[in-house]
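# Structural overview
This is what each chain is made of:
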Amino acid sequence: MMNSLRDEIKYLFSGQGMPYEKVSIMVAVIITVFFTVILGNNFIKDANVAIIDLDNSKYSHELIDKIDTSQYMKVTAVINTPVEPKNLFYQDKNIVVIYLPKDLEKNRYTNTAGSIGVFYDNTNTAQTSEIKEALNEIIVEDNLVTQTDTQTGGITLNARNLFNPAASTSNGETQGFLFFFSSMFFTFATIGMIPRLRITGKLNSILKQGTPFDLMIRILPYGMCLLISIFIGLAILRIWGDMVFSGYIVTFIITQVFYIFIVGICSILIGWTAANPGVASSRMILFIPGGFILGGATAPAQILSTWAYVLSHIFPLTWEFHFVRDILMRGANLADIAQIFGAFLIYCAVIITIFCISFYKAKANLLLSEMKEKEVNA
């Protein structure tokens, strides 16, 4: 019995398998320290709000000022012409769009009932609760100021939840887990590629005679499996569940091709220096879960500190959830997300550049090593 225990302890610290002694501590530290810092706000503060102000009156301006001074809301744009509200949500620019109709001020002072339209981004059902409460308080307070004994009117809020009106789990948790676990197992399948090629003796010949493309093309069969599996999962959620698929399937496929390719590149890069495929697999935690936690699938992205939101784009899965929200749920086309898709292409270019540098650096080291070995033998 003691021999078995000593043998297993020896294997644990040998480096031949997952370095669990390091992983276990790292997970505890990340959860208790890192996420306490980045999620320290506990609620969405100064959430982005766009206002369509067709009244453009003194009263509407005062109302906009009240909204902007709320700790829960920050007015990002005031538009005085009619516009499609959903266009203001693309690329996570706003959480709420408020519609102030024409004659709002007139109705307020002539004892006539008036209404304000509020459109909520319901792609994540947890992100608008404080805003709903704050808006209701502003309207109630405003009605109390102008109330008289004979008044029968007053301002009311007409709310509409967009993109996921039923707060469906098919559009929320289930969809998030689909992309997370699919990406995770795709990484497990590809992250050990370089250690496997090194062990089998194929890596040296690729480095000496090939190019980075010889490694990139190996991602193709795994990528096709991932792409097919994602659409099978989405089909199940659409037919069996009640998932919203508002965008164009071609647009979504284009983003998926780039996403899958870059996840594969990241996977190969992170597993490059591992001693064997088993050790490489343990490194999955370095870049897949971060995108799931910080990408807006588990909690609203707006709850993050600004620096944390920016840094979250290091993880490829963060970009994936941007595309899911915009294309699948909000119905955006490629032109609507041109800015964020362009940023993602720059991100891809940086990762590919690092990959090529790593390839040619490894090639130079191999040639230098062989040259020194020949000199020693000579």
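Residues numbered from 1 in each chain as written. Predicted model: local features only at pLDDT ≥ 70, side-chain atom pairs only at ≥ 80, totals over all residues. Heavy atoms only, no water.

In terms of nonpolar packing, the biggest core is built from 97 residues, with Ile98, Ile116, Leu234 and Phe344 touching the most fellow members. The biggest single contributor to this core is helix α16 (residues 338–377), with ten residues. Sequence-distant contacts of Ile116, defined by excluding residues within four places in its chain, comprise Leu63, Ile98, Tyr99, Leu100, Pro101, Leu104, Ile139, Ile155, Thr156, Leu157 and Asn158. (Core = buried A, V, L, I, M, F, W, Y, C linked by side-chain atoms within 4.5 Å. Buried < 20%, exposed > 50% of the residue type's maximum accessible area, 1.4 Å probe, protein only. Helix = DSSP H or I, 4+ residues; strand = E, 2+ residues; numbered from the N terminus. Contact = heavy atoms within 4.5 Å.)

Side chains of Phe213, Ile217, Leu220, Met224, Ile228, Ile232, Ile236 and Trp240 sit close together on the surface and give an oily, nonpolar patch of about 910 Å² of accessible area. Looking at the nonpolar patch, the element that brings in the most residues is helix α10 (residues 220–239), giving five residues. Tracing the chain through its elements places Met224 in helix α10. (Patch = residues over 30% accessible without salt bridge, like charges linked within 9 Å, V, L, I, M, F, W, Y side chains within 5 Å. Areas by Shrake-Rupley, 256 points an atom, 1.4 Å probe, with all protein chains shown as cover. Salt bridge = Lys/Arg side-chain N within 4 Å of Asp/Glu carboxyl O.)

Detailed reading of the predicted coordinates is not advisable wherever pLDDT falls low. Per-residue confidence for the protein chain averages 86 on the pLDDT scale, and 92% of its residues sit at or above 70. Ranking the elements of the protein chain by mean pLDDT puts helix α2 (residues 20–38) last, at 69, and helix α11 (residues 249–270) first, at 95. (pLDDT = per-residue confidence, 0-100.)

Positive phi outside glycine occurs at Asn56, with the angle close to 50 degrees. Its location among the elements puts Asn56 in the loop between β1 (47–53) and α3 (58–69). Asn56 gets classed as partly exposed once you look at its relative accessible area, which sits at 44%. Although it is not a glycine, Gln91 sits at a positive phi angle of roughly 60 degrees. Mapped onto the elements of the fold, Gln91 is located in the loop between β2 (73–79) and β3 (96–100). Look at Gln91 and you get buried, because its relative accessible area is 14%.

In this section: the state of the cysteines. Per the stated rule, a full pass over the model turns up zero disulfides. Looking at the unpaired Cys266, the closest cysteine sulfur is the one in Cys348, lying at 8.4 Å. Cys348 provides the cysteine sulfur closest to Cys356, a residue in no disulfide bond, and the two sulfurs are 13 Å apart. (Disulfide = S-S within 2.5 Å.)

Two measures define how a pair of helices packs: the angle their axes make with one another and the distance between the axes. Where helix α6 (residues 173–190) contacts helix α15 (residues 316–329), the two axes come as close as 11 Å, and the packing angle between them is 140 degrees. Between α6 and α15, the angle falls in the class oblique. Here the hand of the crossing between α6 and α15 comes out right-handed. Contacts between α6 and α15 pair Gln175, Gly176, Phe179, Phe180 and Ser183 from the former with Leu317, Glu320, Phe321, Val324, Leu328 and Met329 from the latter. When its residues are assigned to classes, the contact of α6 with α15 shows seven nonpolar, three polar and one charged. (Axes fitted to C-alpha atoms, helices over the stretch in contact; angles between N-to-C directions. Parallel < 35°, antiparallel > 145°, perpendicular 65-115°, else oblique. Left-handed = near helix turned anticlockwise from the far one by under 90°. Nonpolar A, V, L, I, M, F, W, Y, C, P; charged D, E, K, R; others polar.)

Taken as a whole and assessed by the stated rule, the structure comprises four salt bridges. The shortest N-O distance in the salt bridge between Arg325 and Asp92 comes to 2.8 Å. Of this pair, Arg325 sits in helix α15 while Asp92 sits in the loop between β2 and β3; the two residues are 233 residues apart in sequence, bridging distant segments of the chain. Residue Arg325 shares its accessibility class with Asp92, and that shared class is buried. Between Arg330 and Asp92 there is a salt bridge, with its nearest N and O atoms 2.8 Å apart. Placement of Arg330 in the loop between α15 and α16 and of Asp92 in the loop between β2 and β3 is noted, with a sequence separation of 238 residues between them. Assigned by exposure class, Arg330 and Asp92 land together as buried. A single salt-bridge network, built from bridges that share partners, covers Asp92, Asp121, Arg325, Asp326 and Arg330.

Where α10 contacts α11, the two axes come as close as 10 Å, and the packing angle between them is 140 degrees. Comparing their axes, α11 and α10 come out oblique. Note that α10 runs across α11; the crossing there is right-handed. Between α10 and α11, the residues in contact are Gly223, Leu226, Leu227, Ile230, Phe231 and Leu234 and Ile249, Phe252, Ile253, Gln256 and Ile260, respectively. Partitioning the contact of α10 with α11 into residue classes produces nine nonpolar, two polar and no charged.

Over its twelve residues, α3 runs 17 Å from end to end, which matches the ideal 16 Å to within 8%, given 1.5 Å per residue. Within α3, burial applies to Tyr59, Ser60, Leu63, Ile64 and Ile67. Angularly, the buried residues of α3 cover 140 degrees about the axis, an arc narrow enough to put them on a single face. Along α3, exposed side chains directed more than 90 degrees from the buried face belong to Lys58 and Thr69. (Expected span 1.5 Å × (residues − 1). Arc of directions from axis to C-beta.)

The subject of this paragraph is the packing of aromatic side chains. Counted under the stated rule, the structure contains 18 aromatic pairs. Where Phe180 meets Phe181, the ring centres are 4.9 Å apart and the plane angle is 55 degrees; that geometry is what we call tilted. Note on Phe185 and Phe188: the rings are 5.7 Å apart at their centroids and 70 degrees apart in plane angle, and the pair reads as edge-to-face. Highlighted residues: Phe185 and Phe188, both in helix α6, separated by three residues, approximately one helical turn. On the accessibility criterion, Phe185 (52% relative accessible area) is exposed. (Phe/Tyr/Trp six-rings, centres within 6.5 Å; stacked < 30°, edge-to-face > 60°.)

Turning next to the pairing of strand β4 (residues 113–121). Of all nine residues in β4, seven are buried; the element is thus mostly enclosed. Bridge analysis of β3 against β4 gives four bridges, and the strand direction is antiparallel. Residue pairing for β4: Tyr99 is matched across the bridge by Gly117. Bridge analysis of β4 against strand β5 (residues 154–162) gives nine bridges, and the strand direction is parallel. From the neighbouring strand, Ile116 faces β5, where its bridge partner is Leu157. (Pairing = 2+ DSSP bridges.)

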